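Chain residues, written in single-letter form:
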Amino acid sequence: MTISAIASAAGLDAITKKISNYIVSRLSRRYLIRRSAEFRISTESSLQSDLMQAFGSAGLLNETTYRVLSTVSSSRLLDHLLDAAVTKIDPKFARRLIDRLEMELSGDGAISNPSLSERLWSVSSSLADSESLNLRPRLRSIEQSSRTEERVRRTEVSIAQSLSDKGQGGGTQHLPFIEADDQRLIAESLVNETENFCSQIDVHGASGEVLRVDLDEMFVSTPVEHLGTYQDAVRYGSQRHYHFYPLRPATQWHILLEQIERSVILGDPGGGKSTLSKKLCLEVARAFRGGDAQIPFFLQLRSYVAVWDQDKAVTFLGYIAEQVSQSTPGIPIERISAIVHYLLGTGRLFLVFDGLDEVLSLGNREDIVKKVRNFCDRYPLSRFLLTSRIVGYETTPVRNFDHHVVRGLTHEGMEQLFHNVNKHIVSKGQANTLTQFPAFIQDARNKALELIPNPLLLTLIIIIHSKKREIPDNRFDLYSSCADLLFDRWDSFRNINPTLPERYRLYDLLMHLASVIFEDETLGGRLSKGALEAEAKRFFRNDYVDNKEGRASEAASKLVEHLTGRAWILHEVGEGIFEFTHRTFLEFFYARWLEAKYEKTEELVRHILPHTEGGQRILSSHLALQARVRNKRNAATTAGQLLASEVEKNGRGRHGVISFAAASLEYLLPEAATLTKLSKAISEEALESAIYEPLASLLRTKSPLRPVILAPTIQKLSAVSRLENIRAMQKVYESLYGHTNDPDISSFIDEYLIPSLRSKQGSSPYIVKLIVDLDREPDWNLAQKFGLRLWRPNRRGDSDFDMRATDSGKIIDLVLGQPAAAFSAKQNPLMYLFQLVWERCSTQAGTVNLEISGRSAIYFHKSYQYDDSSMDAISEDNFGAFVFANMMLYEYYERVDDDLTAAIDLQTIQRSALNRTRFLGMTVFKEWIEGNVNLSSRVAPRRNRIEQQVEIRKFAEANAPMEVDDDDDLFGYEMPS
């Protein structure tokens with residue numbers, strides 16, 4: 001069947017004719033205007049044929065694409081694409097514009113697969129390559145490439161103008177056209193600035209120095225998980241430690257780079273947020289060098305805030321222009337601003353806002369978030385990325401941005417970082433690292449399991465292990481060990497010059513400098529060398545009696561020279577400008593300053609708590625308190641009593657205090673009575689305020705005094721009587737999963753929690769399922785009666801997850817692992833529950849409805865491929881539960897995730913079921929399979945199934961032609977004449 005016949009059968013003649021006639025006439029006028037009429041007619045005919053063939057091959061002959069296609073034609077993007085294909089100009093900008101249009105006009109904000117821009121580029125490329133049209137040689141004979149390129153760029157301005165005017169900001173109005181030479185000059189300057197800042201990073205050396213190394217030599221790709229909206233990000237921040245948090249597939253940096261439009265990357269301190277964003281900028285810069293149109297720029301928010309605090313009139317645009325002007329002398333800054341404005345307006349910039357969390361003042365952070373949103377609204381075609389820590393982000397989230405989170409290093413990532421650090425820092429041979437890594441990582445997992453997924457902390461651990469053959473087991477000891485390496489180096493200097501200050505004074509000076517930088521936000525986290533020497537001189541003045549000024553000046557000069565001469569605590573970030581190598585060191589020394597300044601524990605706690613209410617200074621506050629109570633029971637008891645009293649206070653802002661108090665129990669070891677009081681206070685106030693994360697934190701605790709913490713916490717949980725409150729605390733109960741038989745906790749569960757839940761199990765299937773999830777026996781008659789309702793999610797609260805996917809995976813793994821065993825209720829309640837529910841389903845009339853909502857599903861990504869021998873080995877007692885688990889998991893794969901590639905081999909199960917004479921529920925299983933059309937295709941990855949379904953719909957549409965209005969204003973978009 002010809003393309004025109006397909007179009008006719010689908011009732012798309014009007015659509016195809018309207019678009020093709022418009023494009024043919026337009027492109028003919030453009031490319032053939034200087035040719036004879038005879039030539040134009042013959043070439044138009046060829047163009048018509050090639051265009052129809054290309055559109056048909058690209059799958060563009062349908063009503064779904066017409067709305068976007070007509071808008072694309074109206075905006076001259078099709079012309080633009082063909083120009084790009086003929087002249088081989090980079091098409092990415094035009095394709096991004098088409099993607100943006102498709103998202104806006106699709107109704108659900110989605111892009112087709114393959115995208116419309118990809119298909120249109122295929123059309124343009126096929127026309128440009130057409131031997132009959134011969135456009136490329138003809139173009140060279142008709143007009144110069146430079147003129148065509150200028151026309152392309154002017155078209156971009158016009159398109160960007162029209163599209164961005166429809167955006168929220170409408171800020172690219174009066175967008176001037178900038179000549180290509182001026183564009184290139186400023187673009188080069190922006191890329192140079194980015195490369196200079198991002199291509200190398202400072203890393204900590206093995207002898208207390210700082211090494212400047214290429215980012216590529218140290219970079220290790222960390223998995224990045226897509227979260228979604230800012231609500232999803234805030235939710236993740238409070239739930240990420242729970243067993244049940246629905247992790248989505250992680251991606252790597254090169255995939256993330258393609259996905260970024262308006263995005264936020266969240267992560268922990270030292271987790272690699274800034275390094276990842278620098279890597280992305282560097283790759284964009286490399287692509288620019290290779291001919292790509294996108295231009296990167298890396299903007300540190302704390303540096304901007306330091307300038308903005310002095311002059312509130314300084315905008316992001318002005319700040320970027322000021323940075324560029326330093327490398328482009330002779331060009332007025334107004335002209336630079338206009339060019340950067342043009343590049344932003346036409347979608348040319350990839351701009352990173354780094355370190356929202358480093359804007360310390362909550363008021364300033366709120367203002368910066370507003371400025372970022374307004375700036376991005378003003379330039380909707382450019383791409384923007386913002387980074388921030390997870391902790392505290394909930395106080396000032398960025399709305400209307402897509403959110404991602406940097407996960408911890410994988411085992412492979414840890415091994416790669418181990419090799420990188422040993423090669424570029426410790427200078428060990430590759431052969432040594434290959435043999436040493438297994439022993440190192442085993443030791444690290446035993447002593448610092450929670451620290452090693454963090455790239456910065458793992459780097460420090462590797463260095464310390466290479467020097468001292470020991471691994472610190474907490475952050476405080478880790479930072480202290482790092483400081484010791486620096487001070488060991490200082491002692492070697494004092495051996496040469498004994499008049500220099502003792503190492504403890506160096507420590508004190510760093511604490512003093514940290515307090516100056518941390519508490520004065522106008523400094524932007526930095527000090528000039530002159531300011532460093534002045535602060536050091538003032539600090540040392542009281543250390544001497546004779547020649548105070550001279551000796552203090554000498555001590556300050558030598559010490560600052562040491563600190564800034566590649567010592568690994570401070571490093572130079574500009575000519576004569578210094579900052580702490582990493583923010584965590586700034587926080588550590590600031591914490592030590594706090595602990596030294598407030599000699600009384602009561603004073604320290606009262607200073608800390610007001611900041612915790614706004615989610616500020618959390619890490620430094622914990623480090624200061626940990627330093628104070630370390631091996632000091634009386635101090636820990638005083639702090640515990642103060643925290644308990646503070647938690648018991650009602651009023652606004654308690655969330656931060658309750659969470660801080662709960663987290664402090666990891667290191668706070670007070671008297672048992674105080675610990676019980678504090679645990680009760682946290683539990684009571686958290687339940688009263690419906691703040692459940694602190695409760696889960698208590699249940700997850702690894703404190704040596706864990707039983708003392710767990711007893712009052714579980715007692716308070718068991719006292720909750722209302723069903724809706726119990727359901728809302730699902731994430732709290734999830735913290736117990738996998739630990740219910742732990743000796744420290746099982747007795748409290750059996751004594752307090754299970755009796756309370758059993759008394760309520762008749763009121764709801766949720767309670768029955770919760771008892772099973774806690775690995776205890778419910779009323780089995782009730783369980784069978786409730787059946788599939790046991791997995792119905794809670795849609796009224798935050799805990800709305802349907803656990804069928806993960807539960808089914810557990811059953812499948814359990815049966816395959818022990819195929820001959822017959823499980824009783826006492827052996828495995830979940831297994832027995834599956835058996836009972838399957839028995840109920842197998843006796844019901846009609847097809848069992850196992851549909852699951854994607855919104856409520858926990859991510860579960862695992863393929864199951866079976867063979868006949870493994871199926872035959874499953875006992876008759878277990879086979880029903882096994883089949884039931886596969887059915888539920890299959891329904892989940894079928895309906896939940898468009899990007900899911902997992903699959904289940906139902907055909908092998910079906911063969912095994914047919915060979916069994918005592919398989920209860922064979923009728924139901926067969927009806928369920930028969931109700932699913934084309935079983936062989938449905939066990940394939942979902943994307944293949946979707947494509948097959950599209951083909952089926954196309955076939956059906958071919959027999960039911962659509963009516964197309966012949967008016968020129970189809971779908972509300974007027975076709976130009």
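Our subject is the structure that appears above.
So, here's what we can say about the structure.

So, how was this worked out
- Residues numbered from 1 in each chain as written.
- Predicted model: local features only at pLDDT ≥ 70, side-chain atom pairs only at ≥ 80, totals over all residues.
- Heavy atoms only, no water.
- Helix = DSSP H or I, 4+ residues; strand = E, 2+ residues; numbered from the N terminus.
- Expected span 1.5 Å × (residues − 1).
- Buried < 20%, exposed > 50% of the residue type's maximum accessible area, 1.4 Å probe, protein only.
- Contact = heavy atoms within 4.5 Å.
- Pairing = 2+ DSSP bridges.
- Salt bridge = Lys/Arg side-chain N within 4 Å of Asp/Glu carboxyl O.
- Core = buried A, V, L, I, M, F, W, Y, C linked by side-chain atoms within 4.5 Å.
- Patch = residues over 30% accessible without salt bridge, like charges linked within 9 Å, V, L, I, M, F, W, Y side chains within 5 Å.
- Areas by Shrake-Rupley, 256 points an atom, 1.4 Å probe, with all protein chains shown as cover.
- Lys, Arg positive; Asp, Glu negative; His and termini not counted.
- Charge placed at Lys NZ, Arg CZ, Asp CG, Glu CD.
- Phe/Tyr/Trp six-rings, centres within 6.5 Å; stacked < 30°, edge-to-face > 60°.

## Quick notes on helix H31 (residues 672-689)
Piece 1. With 18 residues, H31 should reach 26 Å at 1.5 Å per residue; the first-to-last C-alpha distance of 26 Å fits that figure.
Piece 2. Among the residues of H31, those classed as buried are Thr674, Leu675, Leu678, Ser679, Ala681, Ile682, Ser683, Glu685 and Ala686.
Piece 3. Looking at the buried residues of H31, the elements they touch are helix H29 (633-648), helix H30 (654-664), helix H32 (693-700) and helix H33 (706-718).
Piece 4. After H31 finishes, the residue alanine 690 shows a positive phi value of roughly 55°.

## A short note on the pairing of strand E3 (residues 224-228)
Two faces belong to every sheet, and in a regular strand the side chains alternate between them.
Piece 1. Most of E3 is tucked away: 4 of the 5 residues are buried.
Piece 2. In the sheet, E3 pairs with strand E9 (residues 402-406) via 4 bridges, with the strands oriented antiparallel. Paired with glycine 228 across the two strands is histidine 403, which belongs to E9.

## Things to note about the pattern of salt bridges
Piece 1. On inspection of all chains with the given rule, the structure shows 33 salt bridges.
Piece 2. The partner of glutamate 195 in a salt bridge is arginine 289, and the shortest N-O contact between them spans 2.8 Å. Placement of glutamate 195 in helix H10 (residues 180-198) and of arginine 289 in helix H14 (residues 273-289) is noted, with a sequence separation of 94 residues between them.
Piece 3. A relative accessible area of 39% places arginine 289 in the partly exposed class.
Piece 4. The salt bridge involving glutamate 358 is made with arginine 302; its shortest N-O contact spans 2.3 Å. With glutamate 358 in the loop between strand E7 (349-354) and helix H18 (362-378) and arginine 302 in helix H15 (residues 301-310), this residue pair connects regions lying 56 residues apart in the sequence.

## Focus: the environment of aspartate 216
Piece 1. Along the polypeptide, aspartate 216 turns up in helix H11 (residues 215-218).
Piece 2. Considered as a pair, aspartate 216 and glutamine 200 are 16 residues apart in the sequence and their alpha carbons are 8.1 Å apart.
Piece 3. Setting aside anything within four residues of it in sequence, one finds aspartate 216 in contact with Lys279, Leu282 and Arg286.

## Some remarks on the nonpolar core
Piece 1. With 144 residues, the main nonpolar core has Phe440 and Phe540 as its most contacted residues.
Piece 2. For this core, the leading source of residues is helix H23 (residues 503-519), giving 9 residues.
Piece 3. With residues near it in sequence (within four places) discarded, phenylalanine 440 still touches Phe418, Leu458, Ile461, Ile462, His465 and Ile471.
Piece 4. One finds Phe288, Phe316, Ala321 and Tyr379 within the second-largest nonpolar core, a separate group that totals 49 residues.

## A word on a positive patch on the surface
Piece 1. Judged by side-chain charge, Lys785, Arg789, Arg792 and Arg840 come together as a positively charged surface patch.
Piece 2. Within the secondary structure layout, arginine 789 lies in the loop between helix H38 (780-786) and helix H39 (804-817).
Piece 3. For arginine 789, a relative accessible area of 43% translates into the label partly exposed.

## Concerning the packing of aromatic side chains
Piece 1. All told, the structure shown has 29 aromatic pairs when counted by the stated rule.
Piece 2. Seen from their ring centres, tryptophan 838 and phenylalanine 919 are 6.2 Å apart, and the 10° between their planes marks the pair as stacked. Of this pair, tryptophan 838 sits in helix H40 (residues 829-842) while phenylalanine 919 sits in the loop between helix H43 (906-914) and helix H44 (922-930), placing them 81 residues apart in sequence.
Piece 3. Among the residues examined, tryptophan 838 registers a relative accessible area of 2% and is labelled buried.
Piece 4. Here the aromatic cluster, defined as three or more aromatic residues joined through ring pairs, consists of Trp791, Phe834, Trp838, Tyr864, Tyr866, Phe879, Phe882, Phe884, Phe919 and Phe925.

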